[in-house]
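Per-entry structural report
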Amino acid sequence: MVPRSKLEGLLGLLAFCGQVVHGLSLYTRHAHALLSVGGLRKSKFLYLTDKVIQDLKVVVQVLRMYNGRKVRLNRPEVKWEWFSTDASTGVGMGAVLDGRWFAVTWDWLRQQPQESYFPFTR
């Protein structure tokens, strides 16, 4: 049995850790579900299920690997030669290159003259 307040405090701490170690919050789902079970909402002590215990074991392993000394915690700098594209099924597409961006709709793109990239001849 574990005091409810201890589990709530641990989940709060893991929420903070999840901001630094991406994906860590995936392993707190079962503990959150345990806290929200209808009949257990008012109880002061909880029995940890096997799934919660397994999740916490994974959290321990992850935090040992990514302990702040072995991982860069700051975001990588975006270089000027960075290129990215994205498209939407219904609206259109856009891209970013060297800090400049564009966006077009599919209707506008269909109206433009199209040339084949590889000029095949028969």
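One structure accompanies this document, and this report is about it. All residue numbers here refer to positions counted from 1 along the written sequence of the relevant chain. Only residues with pLDDT of at least 70 are given local features in this predicted model, and only at 80 or more are side-chain atom pairs given and counted; all residues enter the totals for whole chains, interfaces and linings. Each side-chain value is derived from all of the structure's non-hydrogen atoms; neither hydrogens nor water enter the calculation.

1. Here's the deal with the nonpolar core
Our working definition: Grouping buried Ala, Val, Leu, Ile, Met, Phe, Trp, Tyr and Cys residues that are joined through side-chain atoms within 4.5 Å yields what is termed a nonpolar core. Using a 1.4 Å probe on the protein chains alone, a residue whose accessible area is under 20% of its type maximum counts as buried, one over 50% counts as exposed, and one in between counts as partly exposed. Numbering of helices and strands starts at the N terminus; helices are DSSP runs of H or I of at least 4 residues and strands are runs of E of at least 2.
Counting 14 residues, the largest nonpolar core has Leu-7 and Leu-24 as its most contacted members. Looking at this core, the elements with two or more residues in it are helix H1 (4–20), helix H2 (29–35) and helix H3 (50–65).

2. Digging into the pattern of salt bridges
To keep things clear, this is the line we draw: Any carboxyl oxygen of Asp or Glu within 4 Å of a side-chain nitrogen of Lys or Arg constitutes a salt bridge here.
Within the structure shown, the criterion is met by two salt bridges. Two residues, Arg-4 and Glu-8, come together in a salt bridge whose shortest N-O distance is 3.2 Å. One end of the pair, Arg-4, and the other, Glu-8, are both in helix H1, four residues apart, so they sit about a helical turn from each other. A salt bridge links Arg-110 to Asp-107; the shortest N-O distance between them is 2.9 Å. Taken together, the positions of Arg-110 and Asp-107, both in helix H4 (residues 106–111) and three residues apart, correspond to about one turn of that helix. The two residues Arg-110 and Asp-107 agree in class, both being exposed.

3. Re the side chain of Thr-28
Applied cut-off: Polar contact criterion, stated in full: a pair of N or O atoms within 3.5 Å, where within protein one must be able to donate a hydrogen and the other to accept it, and residues adjacent in sequence count only if both atoms are side-chain atoms.
Within the element layout of this structure, Thr-28 appears in the loop between H1 and H2. One polar contact links the side chain of Thr-28 to the main-chain carbonyl oxygen of Ser-25, over a distance of 2.8 Å.

4. Describing the pairing of strand S4 (residues 92–97)
Rules: A pair of strands is considered paired only if DSSP assigns at least 2 bridges between the two.
For S4 and strand S5 (residues 100–105), the ladder comprises six bridges, and the chain directions are antiparallel. Bridged to Gly-92 within S5 is Thr-105.

5. Regarding H1
Counted only if it meets this: Every helix has an expected span of 1.5 Å times one less than the residues it contains. In this context, the arc is that of the directions from the helix axis out to the C-beta atoms. Whether two residues touch is decided by their heavy atoms; if any such pair falls within 4.5 Å, the residues are in contact.
For H1, spanning 17 residues, the distance from its first C-alpha to its last is 25 Å, which sits close to the expected 24 Å at 1.5 Å a residue. Residues of H1 that are buried include every one of Arg-4, Leu-7, Leu-11, Leu-14, Cys-17 and Gly-18, and no others. Within H1, the buried residues cover an arc of 135 degrees as seen down the axis, which keeps them to one side. Turned more than 90 degrees off the buried face of H1, the exposed positions are Ser-5, Lys-6, Phe-16 and Gln-19. Of the surrounding secondary structure, the elements contacted by the buried residues of H1 are strand S1 (2–3), H2, strand S2 (45–46) and H3.

6. Some details on the packing of H1 against H3
Put simply, the rule reads: For every element, the axis is a line fit to its C-alpha atoms; helices are fit only across the contacting stretch, and the angle between N-to-C directions ranges from 0 to 180 degrees. An angle below 35 degrees is treated as roughly parallel, one above 145 as roughly antiparallel, one from 65 to 115 as roughly perpendicular, and anything else as oblique. In a left-handed crossing the near helix is turned counterclockwise from the far helix by less than a right angle, and in a right-handed crossing that turn is clockwise.
Close contact between H1 and H3 brings their axes to 13 Å; oriented N to C, the two are set at 40 degrees. The angle between H1 and H3 falls in the class oblique. The handedness of the crossing between H1 and H3 is left-handed. Only Leu-56, Val-59 and Leu-63 of H3 make contact with H1, whose side of the interface consists of Leu-10, Leu-14 and Cys-17.

7. Focus on H3
Here H3 contains 16 residues, and its C-alpha end-to-end distance of 23 Å stays within 8% of the 22 Å for a straight helix at 1.5 Å per residue. Taken together, the buried positions of H3 are Val-52, Asp-55, Leu-56, Val-59 and Val-62. Here the buried residues of H3 occupy an arc of 120 degrees about the axis, which is enough to place them on one side. Away from the buried face of H3 by more than 90 degrees, exposed residues Asp-50, Gln-54, Lys-57, Gln-61 and Arg-64 are located.

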